[in-house]
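# Tertiary structure, described
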Amino acid sequence: MTPSGDRPQVGPEGGAVRAGRVTITDVARAAGVSVATVSKVVNGRYGVAQTTASRVLEVVDQLGYESSLVARSLRRRRTNVIGVLVAEFEPFSTELLKAISKAVEGTGYELLAYSGGGDTSDRVGWERRSLSRLGGTLIDGAVIVTPTVQVPTDDGVPVVAIDPHTGPTGPATVDSDSLAGARMATEHLISLGHTRIGHLGGRRDLESARLRELGYRQAMSDAGLTVDPSLVLTGGYRPDLSDRPTHELLDRPDRPTAVFAANDLSALHVVEVAEELGLRVPEDLSVVGYDDIPEAAAARPPLTTVAQPLREMGAEALRMVISLIESDAPRTGQGHHTRLPTRLVERASTAPPPAS
């Protein structure tokens, strides 16, 4: 018995098509036309009768034929593919990818998701290498998530950066209001009665981390509260990097009664470390995160956090890059920066401080 994957495919006229990768010759044979006719149809050229073109397209759909992306790009100088470039598929970039994937429906474009971070010791500059590999032949433009350096704008590939490390400089960018979001998070804790509030920040070289720490400090200052420098530590946006500073914050006699972490992954790790140390959240320690990834709502207790509008950020970045691709002057729009508002999502990880 022949395995299903090896069965010969059958064209509309009943002719068998060999198993394996479908070629343009297979389509021509099944449709009863020449290879040149199939080429004209799939490339949208004139000179083919409508009935013939419809028959060819029917065969293309039935057989699952796809012309070579590289060959097509060389002929047409367009692939109708947009790259979504990330350093790694962690929750933040994954949620943005979902948003972009939803937004691309009906645009006539397809997506190519590409992780270019590679070795963690070789993260800086990954986006330049990725654009060099993909630009011009595989993709028409790119959305880059949290690029580490200013992305070049003179290589012919339109680029939109989401939450770039360097802030809104260089190519078109989309981000959210980190300063206002951090203020909201800290003001929420202050409104509950907390005065000794720690901050577990992101990486020092990231603009978003700098703005979130600044928002924390501004909210503390506006409330007349003094920031204890020993309660402001760098977590690096990753649980493994935030483990040591989290223990430093919580495993001390004068620990804070609340912690604002610069992203949800770090905040969720704060909750884990608190449990290890015998601290209850939120009875003994209140915790606020940032991003509102799905894991935040699913946590126990559900995490209070600052929600970035990830769906809107992804959709706006896609809209911008398509506009750049289809513009008569592809560089038009470079330097356009969109900043979207954030909002506080109150859940069960925050409460008034314990009584003295």
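An unreviewed UniProt entry annotates the protein as LacI family transcriptional regulator originating from Myceligenerans xiligouense.

Moving on: the overall build of the protein. Along its length, the protein carries 12 helices and 14 strands. Here the protein, with 356 residues, has 49% of them falling under the buried criterion. Restricting the contact set of the protein to residue pairs at least 6 apart, pairs at least 24 apart contribute 68%. Surface exposure of the protein reaches about 16600 Å², of which carbon and sulfur atoms provide 50%.

Now for helix α5 (residues 91-103). For an α-helix, 3.6 residues make a turn, and residues three or four places apart therefore share a direction. Compared with the 18 Å implied by 1.5 Å per residue over 13 residues, the 18 Å span of α5 between its first and last C-alpha is a close match. All of the buried residues along α5 are P91, F92, S93, E95, L96, L97, A99 and I100. For α5, the capping residue at the N-terminal end is E90, with a side-chain oxygen 2.8 Å from the backbone nitrogen of F92.

By the element assignment, R252 lies in the loop between α9 (239-250) and β10 (258-261). Within the local environment of R252, its side chain forms a polar contact with the side chain of S230, the two groups lying 3.2 Å apart. Side chain to side chain, R252 and D254 meet in a polar contact 2.8 Å long. Apart from the residues lying within four places of it in its own chain, the contact partners of R252 are R196, D228, S230 and L231.

What follows concerns the sheet that holds strand β4 (residues 110-115). Spatially, β4-β3-β5-β6-β7-β13 is the arrangement adopted by the six strands of the open sheet, whose pairing is parallel. The sheet terminates laterally at β4 and β13 (337-340), the two strands that pair on one side only. Between one strand and the next, the sheet's axes are offset by a mean angle of 20°, whatever the strand orientation. As paired strands, strand β7 (residues 172-176) and β13 are joined by four bridges and run parallel to one another. Note that in β13 the partner of S176 across the bridge is L340. The strands touched by α5 are β3 (81-86), β4, β5 (141-145) and β6 (159-162); relative to β5, the strand with the most contacts, the crossing angle is about 150°.

Before going further, it helps to examine the side chain of D175. With respect to the helices and strands, D175 occurs in strand β7. Here R339 takes part through its side chain, which lies 2.8 Å from a polar atom of the side chain of D175. Apart from the residues within four sequence positions on either side, D175 is in contact with D163, P168, M313, T338, R339 and L340.

Taken together, the six strands give an open sheet; going across it, the order is β9-β8-β10-β11-β12-β14, and neighbouring strands pair in mixed fashion. Each edge of the open sheet carries a strand with a single partner, namely β9 (232-234) and β14 (343-345). Adjacent strand axes in the sheet meet at a mean angle of 20° when their direction is disregarded. Strand direction decides the pairing type here: strand β12 (residues 304-307) and β14, joined by three bridges, are antiparallel. Looking across to β14, one finds that T305 is bridged to V345. Where helix α8 (residues 207-222) meets the sheet, its contacts fall on β8 (197-201), β9, β10 and β11 (286-291), and the angle it forms with β8 comes to roughly 165°. Its contacts with the sheet place α9 against β8, β9 and β10, and it is angled at close to 160° to β9.

Moving on: the packing of aromatic side chains. Applying the stated criterion across every chain yields a total of zero aromatic pairs. Directly above the aromatic system of Y290 lies the positively charged group of R212, at a separation of 3.8 Å from the ring centroid.

A separate point is α8. The end-to-end C-alpha distance of α8 is 22 Å, a good match for the 22 Å that 16 residues give at a rise of 1.5 Å each. Turning to α8, its buried residues number three or more, namely S208, A209, L211, R212, E213, G215, Y216, A219 and M220. Contacts made by the buried residues of α8 are with α7 (178-191), β8, β9, β10, β11 and β13. Just past α8, the residue G224 takes up positive phi, approximately 75°.

Now for the pairing of β11. Counting buried positions along β11 yields six of six residues, so the element is predominantly enclosed. Across three bridges, β10 lies against β11 in parallel orientation. Within the sheet, the bridge partner assigned to A258 lies in β11 and is S286. A crossover connection joins β10 to the parallel β11 through helix α10 (residues 264-276); in handedness this β-α-β unit is right-handed.

Conventions we followed
Every chain is numbered independently, its residues counted from 1 as its sequence is written. Residues qualify for local features only when their pLDDT is at least 70, as the model is predicted, and side-chain atom pairs are given and counted only at 80 or more; totals for whole chains, interfaces and linings, by contrast, use all residues. Calculation of side-chain values draws on the structure's entire complement of heavy atoms; hydrogens and water are dropped beforehand. Counting from the N terminus, the helices are DSSP H or I runs at least four residues long and the strands are E runs at least two residues long. Categorising residues by exposure relies on relative accessible area from a 1.4 Å probe, with only protein chains included: less than 20% of the type maximum marks a residue as buried, more than 50% marks it as exposed, and the intermediate range marks it as partly exposed. It only takes one pair of heavy atoms within 4.5 Å for two residues to be counted as in contact. In short, Shrake-Rupley with a 1.4 Å probe defines the accessible areas, and a residue's cover is counted only from the protein chains shown. Given the number of residues in a helix, its expected span is that number minus one, multiplied by 1.5 Å. As used in this structure description, the phrase polar contact means that two N or O atoms lie within 3.5 Å; if the pair is within protein, one of them must be able to donate a hydrogen and the other to accept it, and residues adjacent in sequence are counted only when both atoms belong to side chains. Strands qualify as paired when DSSP identifies two bridges or more between them. Each axis is a line fitted through C-alpha atoms, and for a helix only the stretch in contact is used; angles between axes span 0 to 180 degrees, taken between their N-to-C directions. Think of it this way: a Phe, Tyr or Trp ring, Trp meaning its six-membered ring, pairs with another when their centres are within 6.5 Å, and the plane angle makes it stacked under 30 degrees, edge-to-face over 60, tilted otherwise. When the NZ atom of lysine or the CZ atom of arginine is within 6 Å of a ring's centre and also within 35 degrees of its normal, the charge is said to sit over that ring. Crossover handedness is defined by viewing with both strands directed away from the observer: a clockwise path from the first strand over the helix to the second marks the crossover as right-handed.

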